Number of protein chains: 2
Amino acid sequence: MKVQLERVLPQEIEQRSMELIQQELDARGITLPPQLAPVVKRVIHTTADFDYARNLAFSPQAVELGLAALKAGATVVTDTQMAHAGVNKRALARLGGEALCFMSDPDVAAQAAQAGSTRAAASIEKAARVLGGRPAVFAIGNAPTALARLYELAEEGALQPALVIGVPVGFVNVVEAKELILQSRLPHIVARGRKGGSNVAAAIVNALLYRLG
Amino acid sequence: MKVQLERVLPQEIEQRSMELIQQELDARGITLPPQLAPVVKRVIHTTADFDYARNLAFSPQAVELGLAALKAGATVVTDTQMAHAGVNKRALARLGGEALCFMSDPDVAAQAAQAGSTRAAASIEKAARVLGGRPAVFAIGNAPTALARLYELAEEGALQPALVIGVPVGFVNVVEAKELILQSRLPHIVARGRKGGSNVAAAIVNALLYRLG
């Protein structure tokens, strides 16, 4: 069989994709606020799932606060190696930032085993120690326990989240953990319901980075 | 606000999630063939998107062929660092396999620039050179151009895919590239339509690995 793909130059693929996403949003009668649109559209670009046009919740000034933090060189902390891999670390480095994930660290595994908690929760505790009061953007795409621990540590003043990207995916405690963030004073972008993922978390970080590129 | 998550032991979260997924499949009247169910359910676990109960297409014996290849220590080739990060490399290593991704290699970027193609397509060409005829499992979660090049190289005999996991996501050439694989003689697991992703690609590899663990 002959390969019959549309001839699109590599650099045009993304622009074309975004146009198609905009067309489908228009067809569905969905109008996105201009400040939020790049984030929502990049998540749809990453998932081909238009549910995200409806389920992403933004606290007031969430995008502005995230942009300001990244512009100032904030660290991005993820809860999975997959989200870490998905973050555009070159774009982040141009702003003076770096992406960190502590999930695979042996001391995190040991601490989780000792405390009977998850590695994800322990990884956020390690982030608090490593950051030592510096503000950071947290991109949580997998573990509700990471999001809950983040909430607790922020309440205690042990963490200063400049923005919480709260998009864990799943069936156990996911909705509840997101609800904690939605009802908190923390600046946040949250995917309501069960959906989300490491890819969604990374896409939101990248959407902000590309606004600054 | 008090954190009120359900008390679930870390090791129980996944089992509980899978039970909830099964309940929702039952409620939707969806019965999965036993051999395919672990793959489909892990993809839903990764995305919370029940569309995958309907859109994953398996060629005859696809699961068996994938399992046999992984059991024999086959290499897993991904088209993104994110899928590479998501594959359980410890489980893979126990079987004697490794996961490779050539997307970030400087020679791949150079080759793509010279050929006016994508890095993704060039990364599959490099995979063919590196594998040198050894069979491999290809997990393509992002780039339709990777999938199309994979098809061409397999047709030419330059690649021996033991299984093609064809789940790129997106809006340009994605459906067409998947159609190539669906209509081919290559053993495949394909997500019909626009949906998919690096997370889905990794989840399918892991679902197979966990059958062997």
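Residues numbered from 1 in each chain as written. Chains lettered and ligands numbered in written order. Predicted model: local features only at pLDDT ≥ 70, side-chain atom pairs only at ≥ 80, totals over all residues. Heavy atoms only, no water.

Caption draft 1: Fine view of the sheet that holds strand 5 (residues 161–166) of chain B. Residues and elements named next belong to chain B. Read from one edge of the open sheet, six strands run 1-6-5-4-2-3, paired in mixed fashion. Edge strands, defined here as strands with exactly one partner in the open sheet, are strand 1 (56–58) and strand 3 (99–101). On average, each strand axis in the sheet is inclined to that of its neighbour by 15°, with strand direction left out of account. Sheet topology places strand 2 (residues 75–78) next to strand 3; three bridges connect them, and they run parallel. By the bridge assignment for strand 3, Val-76 is matched with Ala-99. The strands touched by helix 8 (residues 119–131) are strand 2, strand 3 and strand 4 (136–140); relative to strand 4, the strand with the most contacts, the crossing angle is about 165°. Across the sheet, helix 10 (residues 174–182) touches strand 1, strand 5 and strand 6 (188–191), and the angle it forms with strand 6 is around 155°. (Pairing = 2+ DSSP bridges. Helix = DSSP H or I, 4+ residues; strand = E, 2+ residues; numbered from the N terminus. Axes fitted to C-alpha atoms, helices over the stretch in contact; angles between N-to-C directions. Contact = heavy atoms within 4.5 Å.)

Caption draft 2: Quick look at the environment of Leu-182 of chain A. All names here are of chain A. By the secondary structure assignment, Leu-182 is in helix 10 (residues 174–182). C-alpha of Leu-182 to C-alpha of Gln-35: the two residues are 147 residues apart in sequence and 19 Å apart in space. Apart from the residues within four sequence positions on either side, Leu-182 is in contact with Ala-57, His-188, Val-190 and Arg-192.

Caption draft 3: Examining the side chain of Asn-199 of chain A more closely. By the element assignment, Asn-199 of chain A lies in helix 11 (residues 198–212). Among the residues examined, Asn-199 of chain A registers a relative accessible area of 6% and is labelled buried. Reaching out from Asn-199 of chain A, the side chain makes a polar contact with the side chain of Asn-199 of chain B at a distance of 3.3 Å. In contact with Asn-199 of chain A, not counting residues within four places along its chain, are Thr-46 and Thr-47 of chain A together with Met-82 and Asn-199 of chain B. (Buried < 20%, exposed > 50% of the residue type's maximum accessible area, 1.4 Å probe, protein only. Polar contact = N/O pair within 3.5 Å; in protein donor to acceptor, adjacent residues only side chain to side chain.)

Caption draft 4: Representation of the pattern of salt bridges within the structure. For the structure shown, the criterion picks out 22 salt bridges over all chains. Its salt-bridge partner being Arg-194 of chain B, residue Glu-24 of chain A comes within 2.7 Å of it at the nearest N-O pair. Of the two residues, Glu-24 of chain A sits in helix 1 (residues 10–27) while Arg-194 of chain B sits in the loop between strand 6 and helix 11 (198–212), which places them in two different chains. Residue Arg-194 of chain B is classed as partly exposed on the basis of its relative accessible area of 28%. For Glu-125 of chain A, the salt bridge identified is with Arg-149 of chain A, shortest N-O distance 2.5 Å. (Salt bridge = Lys/Arg side-chain N within 4 Å of Asp/Glu carboxyl O.)

Caption draft 5: Just unusual backbone geometry, in detail. Notably, Ala-48 of chain A is not glycine yet its phi reads approximately 55°, a positive angle. Positionally, Ala-48 of chain A belongs in the loop between helix 2 (37–47) and helix 3 (52–55). Although it is not a glycine, Asn-173 of chain B sits at a positive phi angle of roughly 70°. Tracing the backbone through its elements, the reader meets Asn-173 of chain B in the loop between strand 5 and helix 10. Residue classification places Asn-173 of chain B among the buried residues on the basis of a relative accessible area of 7%.

Caption draft 6: Region of interest: the pairing of strand 5 of chain B. All names here are of chain B. Across the six residues of strand 5, six count as buried, placing the element largely inside the fold. Bridge count between strand 4 and strand 5: five bridges; the pairing is parallel. Counterpart to Ile-140 in the pairing with strand 5 is Gly-166. Note on the crossover from strand 4 through helix 9 (residues 144–155) to strand 5: the handedness is right-handed. For strand 5 and strand 6, the ladder comprises three bridges, and the chain directions are parallel. Bridge assignment links Ile-165 to a residue of strand 6, and that residue is Ile-189. Handedness of the crossover joining strand 5 and strand 6 through helix 10: right-handed. (Right-handed = clockwise from strand over helix to strand, strands pointing away.)

Caption draft 7: Up close: empty space enclosed by the protein. Under the defined criterion, the tally for this structure stands at one cavity of 30 Å³ or more. Computed from the structure, the largest cavity encloses a volume of approximately 80 Å³. Thr-47, Asp-49, Tyr-52, Lys-195, Gly-196 and Asn-199 of chain A together with Thr-47, Asp-49, Tyr-52, Gly-196, Asn-199 and Val-200 of chain B together form the lining of the largest cavity. Classifying every residue of the lining of the largest cavity gives three nonpolar, six polar and three charged. (1 Å grid on protein atoms, 1.4 Å probe; cavity = no way out; pocket = protein on both sides within 12 Å on 5 of 7 lines; lining within 4 Å. Points joined across faces, edges and corners; volume = space filled by probe spheres on them. Nonpolar A, V, L, I, M, F, W, Y, C, P; charged D, E, K, R; others polar.)

Caption draft 8: Examining the packing of aromatic side chains more closely. Tallied over the entire structure, the rule returns two aromatic pairs over all chains. Look at Phe-50 of chain A and Phe-171 of chain B: their rings are 6.0 Å apart centre to centre, the planes differ by 90°, and that puts the pair in the edge-to-face class. In this pair, Phe-50 of chain A sits in the loop between helix 2 and helix 3 while Phe-171 of chain B sits in the loop between strand 5 and helix 10, so the two residues belong to two different chains. Judged by relative accessible area, Phe-171 of chain B falls into the buried class, the value being 10%. (Phe/Tyr/Trp six-rings, centres within 6.5 Å; stacked < 30°, edge-to-face > 60°.)

Caption draft 9: How the structure looks around helix 10 of chain B. Regarding helix 10 of chain B, the residues found buried are Val-174, Ala-177, Lys-178, Leu-180, Ile-181 and Leu-182 of chain B. For helix 10 of chain B, the elements touching its buried residues are strand 1, helix 9, strand 5 and strand 6 of chain B.

Caption draft 10: Examining the nonpolar core more closely. Within the largest apolar cluster, 94 residues are counted, with the highest numbers of intra-cluster contacts made by Ile-44 and Ile-204 of chain A together with Ile-44 and Ile-204 of chain B. Setting aside residues up to four positions removed in sequence, Ile-44 of chain B forms contacts with Phe-171 of chain A together with Ile-21, Leu-25, Asp-49, Phe-50, Tyr-52 and Ala-53 of chain B. (Core = buried A, V, L, I, M, F, W, Y, C linked by side-chain atoms within 4.5 Å.)

Caption draft 11: Quick look at the interface of chain A and chain B. Between chain A and chain B, the residue contacts involve 46 residues of the former and 47 residues of the latter. Among the ionic pairs, Lys-195 of chain A bridges to Asp-49 of chain B, the shortest N-O distance being 3.9 Å. Here chain A and chain B share three residue pairs in polar contact (both at pLDDT 80 or more) between them. Every element with two or more residues in the side of chain A that touches chain B is listed here: helix 1, helix 2, helix 5 (81–86), helix 9 (144–155), helix 10 and helix 11 of chain A. Looking at which element gives the most residues to the side of chain A that touches chain B, the answer is helix 1 of chain A, with seven residues. Residues of the side of chain A that touches chain B, tallied by class, amount to 22 nonpolar, 15 polar and nine charged.

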